[in-house]
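# Descriptive analysis of the structure
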Amino acid sequence: MFMVSRLKDLTIITSRLRHYFRNMDVKELKPPSSVRGMQELQREQFRKIVQVPRLRVPESQVQRVMPLVKKFLLKMEHLHPVRAVDQSREILLHPTPVKNWESLPTEDLQRQKVNAENFSFADLELRYENWSANEILKSVLPTEEEGLTSYSRIGHIAHLNLRDHLLPYKQLIGQVLRDKLPNCRTVVNKASSIDNTYRNFQLELICGDPNYQVETKENGVPFEFDFSKVYWNPRLSTEHERIVKMLKSDDVLYDVFAGVGPFSVPAAKKRCHVLANDLNPESFRWLQHNAKRNKCMPNIKMSNKDGRQFIVEELREDLLKRLCTTDTTTYAIHITMNLPAMAVEFLDAFRGLYSADELAQLPTNVCYPTVHVYSFAKGENTKELVRQLVESNLGAILDENLLQGINFVRNVAPNKDMYRVSFKLSLNLLTTLKEVEVTRKRCAEEELEVPTKVKYV
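For the protein, the name recorded in an unreviewed UniProt entry is tRNA (guanine(37)-N1)-methyltransferase, with Drosophila simulans as its organism. Looking at the Subunit (unreviewed entry) heading of the UniProt record, one finds this comment for the protein: "Monomer."

## As for the environment of L403
Residue placement: L403 occurs in strand β18 (residues 403-413). Sequence separation between L403 and V421 is 18 residues, and the spatial gap between their C-alpha atoms is 8.0 Å. Residue contacts for L403: discarding those within four places in its chain leaves R387, L398, V421, S422 and F423.

## Thoughts on the side chain of D226
Along the chain, the position of D226 falls in strand β12 (residues 221-226). Of the side chains with opposite charge, K229 comes closest to the buried, unpaired D226, at an N-O distance of 4.1 Å. Side chain to side chain, D226 and S228 meet in a polar contact 2.6 Å long. Residue contacts for D226: discarding those within four places in its chain leaves Y212, Q213 and W286.

## Some words on unusual backbone geometry
The phi angle at K113 is positive, at roughly 65°, despite the residue not being glycine. Within the element layout of this structure, K113 appears in the loop between α2 (106-111) and β6 (119-126). Of the residues examined, K113 reaches a relative accessible area of 73% and is grouped as exposed. The phi dihedral of R271 is positive, around 70°, even though this residue is not glycine. If you trace the backbone, R271 turns up in the loop between α6 (264-269) and β14 (273-277). The class for R271 is exposed, based on a relative accessible area of 58%.

## Digging into the pairing of strand β11 (residues 213-218)
What you see with β11 is a clean split: V214, T216 and E218 sit on the buried side and Q213, E215 and K217 on the side with no burial. Bridge analysis of β11 against β12 gives 6 bridges, and the strand direction is antiparallel. Bridge pairing in β12 places V214 opposite F225. The antiparallel pairing of β11 with β12 creates a hairpin that spans 2 residues between the two strands, and N219 there sits at a positive phi of about 50°.

Cut-offs and rules
- Residues numbered from 1 in each chain as written.
- Predicted model: local features only at pLDDT ≥ 70, side-chain atom pairs only at ≥ 80, totals over all residues.
- Heavy atoms only, no water.
- UniProt positions renumbered as here; feature names shortened; annotations may be inferred.
- Helix = DSSP H or I, 4+ residues; strand = E, 2+ residues; numbered from the N terminus.
- Contact = heavy atoms within 4.5 Å.
- Buried < 20%, exposed > 50% of the residue type's maximum accessible area, 1.4 Å probe, protein only.
- Lys, Arg positive; Asp, Glu negative; His and termini not counted.
- Salt bridge = Lys/Arg side-chain N within 4 Å of Asp/Glu carboxyl O.
- Polar contact = N/O pair within 3.5 Å; in protein donor to acceptor, adjacent residues only side chain to side chain.
- Pairing = 2+ DSSP bridges.

So this is what it looks like as structure tokens:
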């Protein structure tokens, strides 16, 4: 972030950034130690008086003096380092690099008729408003436990996932975030794991308005939805962008678990042909709303079904028409399955999706769809575990002809990662049932074993 060469008076600054010195490294600039352990927010308890160095210069000299001391300014929340005092200006300086008059570029200042008489230490009152949310929470929460490491912003909502040891402080945390975060009106905590039918968060309101309808933008695309009734995770914005960037105009996207449209709507805006589905009626309603809002309705068809039903009905019919009547070498077909807790369980729906007769007349250069299935994996070698999970549910080995990549998406918890496994469907997968494939594999293994046994008899 920045670098300070620690000589006797800490005067040499080697980089230029907005904040040159960490206020929380200076005891005088930290909130009072008495607030440690506070569970009910008492803003007045954060008041303290500190002594800080300052320069007082005539108003006419300020413009010439500021470039000389700019890197030494005291910067805190809601604190102006240059203040009017009578007919002069008072410049507040940071106590880390400025220990005395000699800590400043004295020769340059003296050329501007500013000398030691202009320098002094004086009292400054600090208040709750002068610290950021992070600084307030670090001063309050227990030091022996991990503090609040992250939260998500979705429109006007701050979404937390508090660990058990922080629950006694949840009201205070909520109030601090609502006070400090721009345009934050509502703070919620994840109340339980996502285990309901529609896979949306169960929320606990800890501070603010019980208004969960939000407007937000992801990668420049506006979305609107009721956060309490649908699934939305801003931490997946980069992954959404990666998939959408793969798509070109006239490509096809089948989005099996579309949610409110983070894959489907941007793809439709790119003039891709999109079939999007979600089981949750609320997600389906907001998916329609977002498609209309983004003026991409002509490029998207939407359904409100179970993912398996969508695959064997809408996806099956549309894909068959494309494979049999269009030149698939001129565009790409993608299938997204972003339901990482259970998406792999739907992979067997692609096995035997068609009879051999239905695909018998396909050209030899036909291009089959690429499936992007998301999954969690827990353990040590999570990348290998997620591959095994996909292969087990698909009932097939992902060899070099099928596997397109296993991509790390994000760390969810200690030893729990989220991956995207991308692979090509094939004629064999689409026309052979999973059980038949397993039986053939066993037969092949038995045939290989027989000569071995005979050899050693």
